[in-house]
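Below are the chains, spelled out letter by letter.
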Amino acid sequence: MSANSKLQCLAVGAGAIGKSISGHIFPKIGADFLYAEIDDAVIRDINHRGGYDLYSTSTGQSVDILPVRGIRAAHTEADEVLAFAQTADVYCTAIGAVNMPAFAPTLVKWLRARSGNKRLVLLLFENGTGLHELLEDAVCSAFGEIPAWFSIAHASIERITKKFTTEQGERNVMTEAFIPPILTRAGLEDTFIPHYPAYFTLVEEAEDYYYRKLYLNNIGHAVLGYLGSAKGYETTVQAVHDPEIAATLASVWKSTGEMVRRKFGFTQREIDEYFEGRLRCYKNTALADPLARLCRAPIRKLGREERIIGALELCYHDHIPIEPFFPLLYRAIHYTAPGEPQADKLQKLLQARGIEGVLREVCGISPEEALFPILVNGYQNVP
C-alpha cells in the first residue's frame, strides 16, 4: 500500500465479533470497507442504513451508541466481493472456527484472482486452534507454497459482544469497551498494522493470550453455564450472583490463574486485572449472556485440549489443586437441553458406558493414565 492510497479491507462475517472488531477498527482508520456475508437479512440491513450501531458499555449503568457508517455488505459469492478481494490490502474473518474449512476454498479463489505481488495479510479474528494451519495447508495445496506477498495472522480476541435486533428490525451489537485484538508481531512489520497501535496490540506470541482467554474467561463461562443451568438460571448475570456458583468460580480461577501465570509468563497483577475485567462483564446486565449459548456443544467443550480438561490437566501436571474442577466436570457431563444434539449424545454415552466411557471417548483420557482414576473418583464424589 503506497502512502497516498486508501487501505482496502474485506471483512468476512458481519456477526457480533465482525461488527465489534472489524467494523469498529477499519472505518475509523479510513479504510474502504466491505463485509462479505451469507445472511441476506444482515446484508440488507447494513446496506439500507449504510452500516449499523455499536452499543458500548463498561458497567451496564450507561451505554454509549457508536454509529458505524459509510460501509457496505455483499454476499460472499457476489462478483462485487471477488472484485474487491483482488485488490484488498487485508482480509479479516469473524465467522467461527467451525466455518473455517468451508471458507478455505473461497480464500484460495480470491488469492488466485489477484495479480502482481501486492502485500496482503489475513487476520483471523477467531477463537480456536489450528485455524492458521488449516488455511495455510489449503493455500499450499493450491499454490505449492505460501506466496511471498501473503501471510496469515491469528489474533486473540478479548472483547465480549452480543447481537440484538431492535423493534424496528435493525441488527446491532452490544459490546464492552473496545479491547484491541492481540497479534503476534513477527511477520507483520511490513504491513499497515504497526502504524495503528491504538487499534492493534502487537506481542511476542499472541497464542499465549489465546490460552489465557481459554483457561480464564472461557472456563469462567463454563462454570457459570453448566452450574447455572443445573440451578435453572438463564443468564450469566443470574448465575454469577449465586453464592455457591461464585465460590466455585473463585476456586477454579485460583487454580487456572496460577497455572496460566506459570505456563504463559503473565504476572500476578495481569492475572488479577484480567479476572476483575471478566467479572465486571459477567455482572454487566447489558451484556448478560444466555447460558444455553455458553453450554452448547458440551462434547467439544469437554475435549482434552479444551477449556475444562485442558486446564485441569495442565494444573494437575504442575501440582496445582484440581479439586475445584470436579463440580464443573460433573455438571458439564450431565448437561441436558432440548434440541441440543451433543447433550443428547453425551447423556446416551454416559448411560451406556458410565463416567469411564465419557472420560475415554469424549475427554480423551486413557484408563492407563494416572489422571484417569483421579477424575473418576472426583466425579463420583460430587454431592
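Each remark here, short or long, concerns the structure printed above.
Residues numbered from 1 in each chain as written. Predicted model: local features only at pLDDT ≥ 70, side-chain atom pairs only at ≥ 80, totals over all residues. Heavy atoms only, no water.

Draft legend 1. A look at the packing of aromatic side chains. Inspection of every chain in the model, using the stated rule, returns 19 aromatic pairs. Taking the centre distance of 5.1 Å and the plane angle of 70 degrees together, the rings of Tyr-210 and Tyr-211 count as edge-to-face. Aromatic ring contacts, followed pair by pair, group Phe-26, Phe-33, Tyr-35, Tyr-52, Phe-192 and Phe-200 into a single cluster. Of note, Lys-263 hangs over the ring of Phe-264, and the distance from its end group to the ring centre comes to 5.8 Å. If you follow Arg-278 out to its NZ or CZ, it ends over the ring of Tyr-274, 5.6 Å from the centre. (Phe/Tyr/Trp six-rings, centres within 6.5 Å; stacked < 30°, edge-to-face > 60°. Lys NZ or Arg CZ within 6 Å of the ring centre and 35° of its normal.)

Draft legend 2. Quick look at the packing of helix H13 (residues 325–333) against helix H15 (residues 371–380). At a minimum axis separation of 9 Å, H13 and H15 run at an interaxial angle of 80 degrees. Considered as vectors, H13 and H15 are oriented roughly perpendicular to each other. Between H13, through Phe-326, Leu-329, Tyr-330 and Ile-333, and H15, the contact on the second element is made entirely by Ile-374, Leu-375, Gly-378 and Tyr-379. Looking at the contact of H13 with H15 residue by residue, the classes come out as seven nonpolar, one polar and no charged. (Axes fitted to C-alpha atoms, helices over the stretch in contact; angles between N-to-C directions. Helix = DSSP H or I, 4+ residues; strand = E, 2+ residues; numbered from the N terminus. Parallel < 35°, antiparallel > 145°, perpendicular 65-115°, else oblique. Contact = heavy atoms within 4.5 Å. Nonpolar A, V, L, I, M, F, W, Y, C, P; charged D, E, K, R; others polar.)

Draft legend 3. Spatial organisation of the sheet that holds strand E9 (residues 161–165). Reading across from one edge, E4-E3-E10-E9 is the order of the four strands in this open sheet, with mixed pairing throughout. Here the strands that pair on one side only, and so sit at the sheet edges, are strand E4 (64–69) and E9. Geometrically, the sheet is characterised by an average inter-axis angle of 25 degrees between neighbouring strands, direction not taken into account. In this structure, strand E3 (residues 51–57) lies alongside strand E10 (residues 171–176), joined through four bridges in parallel fashion. Directly across from Leu-54, in E10, lies its bridge partner Val-173. Of the strands in this sheet, E3, E4, E9 and E10 touch helix H1 (residues 16–28), which is tilted by about 100 degrees from E3. (Pairing = 2+ DSSP bridges.)

Draft legend 4. Structural view of the pattern of salt bridges. Overall, the coordinates contain 24 salt bridges when judged by the stated rule. Arg-261 is the partner of Glu-258 in a salt bridge, and the nearest nitrogen-oxygen pair spans 2.7 Å. Taken together, the residues span about one helical turn, with Glu-258 and Arg-261 both in helix H8 (residues 243–264) at a distance of three residues. Here Arg-353 and Glu-361 are joined by a salt bridge, their closest N and O atoms 2.2 Å apart. Note on Arg-353: relative accessible area 47%, which makes it partly exposed. The network of salt bridges with shared partners includes Asp-45, Arg-49, Asp-53, Arg-69 and Glu-170. (Salt bridge = Lys/Arg side-chain N within 4 Å of Asp/Glu carboxyl O. Buried < 20%, exposed > 50% of the residue type's maximum accessible area, 1.4 Å probe, protein only.)

Draft legend 5. Examining H1 more closely. Between its first and last C-alpha atoms H1 spans 18 Å; for 13 residues at 1.5 Å apiece the expected length is 18 Å, and the two agree. Its axis deflected by about 25 degrees at Ser-22, H1 carries its strongest bend there. By the criterion of burial, H1 is predominantly enclosed, with 10 of the 13 residues buried. Positive phi shows up at Gly-30, right after H1, with a value of about 80 degrees. (Expected span 1.5 Å × (residues − 1). Bend = angle between axes of the 7 residues up to and from the residue.)

Draft legend 6. Here's a closer look at the sheet that holds strand E8 (residues 150–154). Taken in spatial order, the six strands make up an open sheet running E5-E2-E1-E6-E7-E8, and their pairing is parallel. In this open sheet, the two strands that pair with only one neighbour each are strand E5 (72–75) and E8. Direction aside, the axes of adjacent strands within the sheet are offset by 20 degrees on average. Strand direction decides the pairing type here: strand E7 (residues 120–124) and E8, joined by five bridges, are parallel. Within the sheet, the bridge partner assigned to Val-121 lies in E8 and is Ser-151. Those strands touched by helix H2 (residues 40–49) are strand E2 (32–37) and E5, and its axis lies near 155 degrees from that of E5. Its contacts with the sheet put helix H5 (residues 131–143) on E7 and E8, and the angle it makes with E8 is roughly 160 degrees.

Draft legend 7. Examining a negative patch on the surface more closely. A grouping of Glu-133, Asp-137, Glu-205 and Glu-207 is seen on the molecular surface, where their side chains present a negatively charged patch. When you line up the elements, Glu-133 lands in helix H5. The exposure class of Glu-133 is partly exposed, given its relative accessible area of 44%. (Patch = residues over 30% accessible without salt bridge, like charges linked within 9 Å, V, L, I, M, F, W, Y side chains within 5 Å. Areas by Shrake-Rupley, 256 points an atom, 1.4 Å probe, with all protein chains shown as cover. Lys, Arg positive; Asp, Glu negative; His and termini not counted. Charge placed at Lys NZ, Arg CZ, Asp CG, Glu CD.)

Draft legend 8. A look at the packing of helix H6 (residues 206–230) against helix H9 (residues 268–283). Running from N to C, H6 and H9 point in directions that differ by 35 degrees, and their axes come no closer than 11 Å. Like other packed secondary-structure pairs, H6 and H9 cross with a definite hand, here right-handed. Residue-level contacts link Arg-212, Lys-213, Leu-216, Asn-217, Gly-220, His-221 and Leu-224 of H6 to Ile-271, Tyr-274, Phe-275, Arg-278 and Tyr-282 of H9. Looking at the contact of H6 with H9 residue by residue, the class counts come to six nonpolar, three polar and three charged. (Left-handed = near helix turned anticlockwise from the far one by under 90°.)

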